[in-house]
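Tertiary structure, described
Single-letter residue listing:
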Amino acid sequence: MKVYKNLFPDIYSFNNLLTAYKKAKKGSKTNNKNSEYFLNLEKELLQLSYELKNNLYLPSPYRYFKIYEPKERIISVAEFKDRVVHHAIVNILEPIYEKTFIYHSYATRKNKGTHKAIYQAQKCFKKNKWFLKSDIKKYFDNINHKILIDIISKKICDTNLINLLQKIISNGGQNGTGLPIGNLTSQFFANVYLNKFDYFVKNELKRKCYLRYMDDFVIFSNNKNDLIQDLKLIRIYLYNNLNLVLKEKVTFINQQLNGLSFLGTRIYPNIIRVKNENLRRISKKINEKLYLYKTNKISEEKLIETINSYNSYLTNFDTNKVKRIIFALKGI
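Worth saying up front: this structure is predicted, and the values here are computed from it rather than measured.

**A closer look at the overall build of the protein chain**
Each helix and strand in the protein chain was counted, giving 13 helices and eleven strands. Taken over the C-alpha trace, the protein chain has a radius of gyration of 22 Å; the compact-globule value for 332 residues is 20 Å, and the two agree within 12%. Considering only C-alpha atoms, the protein chain reaches an extent of 60 × 55 × 30 Å along its principal axes. For the protein chain, with 332 residues in total, the buried portion stands at 48%. Considering only contacts in the protein chain between residues 6 or more positions apart, those separated by 24 or more positions represent 72%. As displayed, the protein chain has an accessible area near 18,100 Å², and 50% of this comes from carbon and sulfur atoms. Here the protein chain contributes 58 positively and 28 negatively charged side chains, and the mean placements of these two sets differ by 6 Å.

What follows is the structure, given as structure tokens:
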């Protein structure tokens, strides 16, 4: 395994921080604090570079809020300065780890995403009669900091960079576990954490039809007994190596004719349907945008952008119900 050294100067270089700032700015709301940062950009980035270089940087506490779709989650919001640091880290580490990720890991990666994961699942479905579907119980809450740092340290041999990563990873967790949901670094580290598990499934269990989207994963086979044995070994591996357990209520082995519920869809060998709850959620979101438009709180351009975004998503799937909803929304 290739080991990378002396990456820390790349993290705090002005050019990398400037690139990181531009990425962080795209996803940030304008407020007085952020505006002040933008106005004093060169000064702020030089100061941040100095703090990082001399190990003086400390991340600020997160702000938290709840969302309830599709289920209740606590989202963590980092200060803008910290989001710049997160992007600076991922700018350097992502190209390194991208080479190590398996092809069929689809979450938060360039040129991947939900659509490709769904279509790959259907492709595997056509070749196999059985599937094992599961995900990790409270995955982000249960990522172990020490195990994560040990995994990273096997590839990144740079004391200063590891110290910085420890600051980021430990900020927001409790008792040495947990990554805050909503952070770029959390999403990236979550993929790194399960990468070794991907290779266990591919190389040790020797499963060719396997795919993962963050902590959701599916294994396909023509032999049900193979999947039963796989499940036993997976439970042991996850607990012994990553201190994780499966979410048992959504862990099951089923056959092709019953369809696969995956990433908001129901997948069959020859058709993919969007789940009704997702259609209702999309309809609600568009109606909310419509209300904001009618009360002059958003522009017509913003409303059309929202409708086109959902239209682009929904028309990827074969269902008359989807088409009726799209036409109804466009008629509004």
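**Quick word on the packing of helix α2 (residues 14-26) against helix α4 (residues 41-53)**
A packed helix pair is summarised by two numbers, namely the angle formed by the two axes and the spacing between the axes. Direction vectors running N to C along α2 and α4 enclose 120°, while the axes themselves pass 10 Å from each other. Classified by the angle their axes make, α2 and α4 are oblique. Note on packing geometry: the crossing formed by α2 with α4 is right-handed. Touching Phe14, Leu17, Leu18 and Tyr21 of α2 are Leu41, Glu42, Leu45, Leu46, Leu48, Ser49 and Leu52, all from α4. Looking at the contact of α2 with α4 residue by residue, the class counts come to nine nonpolar, one polar and one charged.

**Here's the deal with the sheet that holds strand β7 (residues 216-221)**
With antiparallel pairing, four strands are arranged side by side in an open sheet as β6-β7-β4-β8. A single partner strand is all that each edge strand has here, and the edge strands are β6 (210-213) and β8 (252-255). Sheet twist, expressed as the average angle between the axes of neighbouring strands with direction ignored, equals 20°. The pairing of strand β4 (residues 130-135) with β8 spans four bridges and is antiparallel. Paired with Trp130 across the bridge in β8 is Gln255. Contacts between helix α6 (residues 114-127) and the sheet are confined to β4, β6 and β7, with β6 contributing the most and set at about 155° to the helix.

**Digging into the sheet that holds strand β10 (residues 265-268)**
Across the sheet, which stays open at both edges, the three strands sit in the order β9-β10-β11 with antiparallel pairing between neighbours. Single-partner strands in this sheet number two, and they are β9 (260-262) and β11 (271-274). Taken over all neighbouring pairs, the strand axes of this sheet differ in orientation by 25° on average, direction set aside. Where α6 meets the sheet, it contacts β9, β10 and β11, and its direction lies at approximately 30° from that of β10.

**Here we look at the packing of aromatic side chains**
This model, assessed by the stated rule, comprises 20 aromatic pairs. On the basis of an interplanar angle of 75° and a centroid distance of 6.0 Å, the ring pair of Phe131 and Phe252 is categorised as edge-to-face. Here Phe131 is found in strand β4, whereas its partner Phe252 is found in strand β8, with 121 residues between them in sequence. Judged by its relative accessible area of 0%, Phe131 falls in the buried class. Every member of this aromatic cluster is reached through a ring pair, and the members are Phe197, Phe200, Tyr210, Phe217 and Tyr237.

**Considerations on the environment of Phe262**
Inspection of the secondary structure puts Phe262 in strand β9. Overall, Phe262 belongs to the buried group, its relative accessible area being 1%. Along the backbone, Phe262 and Lys133 are 129 residues apart, and their C-alpha atoms lie at a distance of 8.6 Å.

**Some points on the pattern of salt bridges**
Here the idea is simple: oppositely charged side chains can pair when their charged atoms come close. Overall, the coordinates contain eight salt bridges when judged by the stated rule. Where Asp135 meets Lys247, a salt bridge forms, and the shortest distance between an N and an O atom there is 3.5 Å. Within this pair, whereas Asp135 is found in strand β4, its partner Lys247 is found in the loop between α10 (224-242) and β8, the two being separated by 112 residues in sequence. Two residues, Glu248 and Arg235, come together in a salt bridge whose shortest N-O distance is 2.8 Å. Of this pair, Glu248 sits in the loop between α10 and β8 while Arg235 sits in helix α10; the two residues are 13 residues apart in sequence, bridging distant segments of the chain. The class of Glu248 is partly exposed, set by a relative accessible area of 44%. Relative accessible area serves as the criterion here: at 33%, Arg235 is assigned to the partly exposed category. Via salt bridges that share partners, Arg207, Asp226 and Asp230 belong to a single interconnected network.

What counts and what doesn't
- Residues numbered from 1 in each chain as written.
- Predicted model: local features only at pLDDT ≥ 70, side-chain atom pairs only at ≥ 80, totals over all residues.
- Heavy atoms only, no water.
- Helix = DSSP H or I, 4+ residues; strand = E, 2+ residues; numbered from the N terminus.
- Rg over C-alpha atoms; globule rule 2.2 N^0.38 Å.
- Buried < 20%, exposed > 50% of the residue type's maximum accessible area, 1.4 Å probe, protein only.
- Contact = heavy atoms within 4.5 Å.
- Areas by Shrake-Rupley, 256 points an atom, 1.4 Å probe, with all protein chains shown as cover.
- Lys, Arg positive; Asp, Glu negative; His and termini not counted.
- Charge placed at Lys NZ, Arg CZ, Asp CG, Glu CD.
- Axes fitted to C-alpha atoms, helices over the stretch in contact; angles between N-to-C directions.
- Parallel < 35°, antiparallel > 145°, perpendicular 65-115°, else oblique.
- Left-handed = near helix turned anticlockwise from the far one by under 90°.
- Nonpolar A, V, L, I, M, F, W, Y, C, P; charged D, E, K, R; others polar.
- Pairing = 2+ DSSP bridges.
- Phe/Tyr/Trp six-rings, centres within 6.5 Å; stacked < 30°, edge-to-face > 60°.
- Salt bridge = Lys/Arg side-chain N within 4 Å of Asp/Glu carboxyl O.

Interpretation in functional terms is not warranted from these geometric data alone.
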